[in-house]
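Residues per chain are reported as follows:
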Amino acid sequence: MEESSKSKAVEVEQEASEAKAPHEAMFLVLAYLPVYEVVVMSQVCTSLRDAVNNDILPWLNVFVQRPLSWRLNDDILIKITSKANGSLKTLALINCMHVTDEGLQRVVQQNPLINKVRSVALLLYLNEIMRLLLRVYQLGHC
């Protein structure tokens, strides 16, 4: 009798944990969200947190915009893009005033598969953007 009550308790626990887990489609959506929303999603539940921390899919195409753009600097950018394990494909930085040309160069060098770099900021000069694009071209990704 005691054995059956234990098995029922285990079944109830499993059902409860399954009911709390997000739908699998949520994990696919992460890849299409801007970085700020990916970080916010990681705080919803442990399943999403683990997906954000352990899966490279949300980090293959990085789009940084407000409100994160005002806080982003080279160190944070390197930390974020390193989550792609060198497989970053797209980097878009919108008004990221604290990201330097050197920071962008490091990201491009650490991610040989990158084929799109978009930076919209008042402080980036055209020749620096051209130098970045030349580096992407030299890596053979254009």
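Here the structure is shown first, and the text comes after it.
Let me begin by describing the structure that accompanies this report.

We now examine the pattern of salt bridges. Applying the stated rule across the entire model yields 1 salt bridge. Salt-bridge contacts for D50 lead to R49; the nearest nitrogen and oxygen are separated by 3.3 Å.

This brings us to unusual backbone geometry. Cis geometry marks the peptide bond from R66 to P67, where omega comes out at 0°. Residue N85 is not a glycine yet carries a positive backbone phi of 55°. Relative to the assigned elements, N85 resides in the loop between α5 (74–82) and β2 (90–94). Given a relative accessible area of 60%, N85 falls into the exposed group.

When you tally the buried positions in β2, you get 4 out of 5 residues, the bulk of the element. Relative to β2, strand β1 (residues 61–64) runs parallel, the two being bridged by 4 bridges. Bridge pairing in β2 links V64 to L93. Where β2 meets strand β3 (residues 116–120), 5 bridges bridge the pair, whose relative direction is parallel. Looking across to β3, one finds that A92 is bridged to R118. Crossover β2 to β3 through helix α6 (residues 101–110) is right-handed.

Let us now look at the packing of α5 against α6. Where α5 meets α6, the closest approach of the two axes is 9 Å, and the angle between their N-to-C directions is 15°. Considering the angle they form, α5 stands roughly parallel to α6. For the pair α5 and α6, the sense of crossing is right-handed. The segment α5 lies against α6, with D74, L77, I78 and T81 engaging G103, L104, R106, V107 and Q110. Taken together, the residues of the contact of α5 with α6 sort by class into 4 nonpolar, 3 polar and 2 charged.

Our focus in this paragraph is the environment of L88. By secondary structure assignment, the location of L88 is in the loop between α5 and β2. The buried category is assigned to L88, whose relative accessible area is 0%. On a C-alpha basis, the gap between L88 and L60 in space is 4.5 Å, while along the polypeptide they are 28 residues apart.

Of note, T81 is situated in helix α5. T81 gets classed as buried once you look at its relative accessible area, which sits at 1%. Separated by 3.3 Å, the side chain of T81 and the backbone oxygen of I78 make a polar contact. When near neighbours in sequence (up to four residues on either side) are disregarded, T81 contacts L88, L91, V107 and N111.

Burial along β1 is one-sided: the residues V62 and V64 are buried and none of N61 and F63 is. Taking the sense of rotation as the criterion, the β-α-β connection linking β1, α5 and β2 turns out right-handed.

With respect to the secondary-structure elements, V44 resides in the loop between α3 (35–41) and α4 (46–54). With relative accessibility at 55%, the residue V44 sits in the exposed group.

Cut-off values and rules
Residues numbered from 1 in each chain as written. Predicted model: local features only at pLDDT ≥ 70, side-chain atom pairs only at ≥ 80, totals over all residues. Heavy atoms only, no water. Salt bridge = Lys/Arg side-chain N within 4 Å of Asp/Glu carboxyl O. Helix = DSSP H or I, 4+ residues; strand = E, 2+ residues; numbered from the N terminus. Buried < 20%, exposed > 50% of the residue type's maximum accessible area, 1.4 Å probe, protein only. Pairing = 2+ DSSP bridges. Right-handed = clockwise from strand over helix to strand, strands pointing away. Axes fitted to C-alpha atoms, helices over the stretch in contact; angles between N-to-C directions. Parallel < 35°, antiparallel > 145°, perpendicular 65-115°, else oblique. Left-handed = near helix turned anticlockwise from the far one by under 90°. Contact = heavy atoms within 4.5 Å. Nonpolar A, V, L, I, M, F, W, Y, C, P; charged D, E, K, R; others polar. Polar contact = N/O pair within 3.5 Å; in protein donor to acceptor, adjacent residues only side chain to side chain.

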